Amino acid sequence: MTRSILAPAIALMALATLAASDGLNVTVEGIRNAKGNIVILVFDDARAFDGLDVQSAIDYAQVPSRKGSVSHEFPDLTAGPYAVLLFHDENKDEDLNMTETKLLEGLGSTGAPNPQDMPDFKAASVWPGDVRVRVHYDP
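Throughout what follows, the structure given in this document is the object of discussion. (Residues numbered from 1 in each chain as written. Predicted model: local features only at pLDDT ≥ 70, side-chain atom pairs only at ≥ 80, totals over all residues. Heavy atoms only, no water.)

Comments concerning the environment of Phe-121
Here Phe-121 lies in helix α3 (residues 121–124). A relative accessible area of 9% means that Phe-121 is categorised as buried. If near-sequence neighbours (up to four positions away) are discounted, Phe-121 is found in contact with Phe-43, Asp-44, Asp-45, Ala-46, Phe-49, Asp-50, Pro-81, Tyr-82 and Ala-83. (Helix = DSSP H or I, 4+ residues; strand = E, 2+ residues; numbered from the N terminus. Buried < 20%, exposed > 50% of the residue type's maximum accessible area, 1.4 Å probe, protein only. Contact = heavy atoms within 4.5 Å.)

Okay, here's the thing in structure tokens:
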């Protein structure tokens, strides 16, 4: 009886190890146009994420924008947890443009299914594998 319980447990651990070895694969959804780039920042440190310290991101990518969705793989990010912050840099100035009251470019984060959400690292944490993040725009 012990053997029948042990075999599935070992199989599950092997599958988890294989999934983790694939790294972090981020799909950005809800992109409104093909202008500029999608800037993706990945954090492994709560203080850096919560403080929006972009210089302390563990990894970073700029992906050409495409209406609808784009994906990017971070194959070396296999440990976790991670939190992802991204924005649609439509004018390619490498800055999130906004006024005092309104975002002019799109913004998204893991753990933020709604535009008004600003999760902390714990709420935004994800593990390696496939992750979907919606980019939100002010009307």
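Structural notes on the side chain of Thr-110
Mapped onto the secondary structure, Thr-110 falls in the loop between β6 (107–109) and α3. For Thr-110, a relative accessible area of 3% corresponds to the buried category.

Some thoughts on the pattern of salt bridges
Summed over all chains, the structure comprises 2 salt bridges. Arg-132 serves as the salt-bridge partner of Glu-29, at 2.7 Å between the closest nitrogen and oxygen. Highlighted residues: Glu-29 in strand β1 (residues 24–31) and Arg-132 in strand β7 (residues 129–134), separated in sequence by 103 residues. Given a relative accessible area of 24%, Glu-29 falls into the partly exposed group. (Salt bridge = Lys/Arg side-chain N within 4 Å of Asp/Glu carboxyl O.)

Re the sheet that holds strand β4 (residues 68–74)
Spatially, the 3 strands line up as an open sheet ordered β4-β1-β7, and their pairing is mixed. Every interior strand has two partners, whereas the edge strands, β4 and β7, have only one. Shown here is a sheet whose adjacent strand axes are inclined to one another by a mean of 20°, direction ignored. Bridge analysis of β1 against β4 gives 7 bridges, and the strand direction is antiparallel. By the bridge assignment for β4, Ile-31 is matched with Gly-68. (Pairing = 2+ DSSP bridges. Axes fitted to C-alpha atoms, helices over the stretch in contact; angles between N-to-C directions.)

In short, geometric facts, not functional conclusions.
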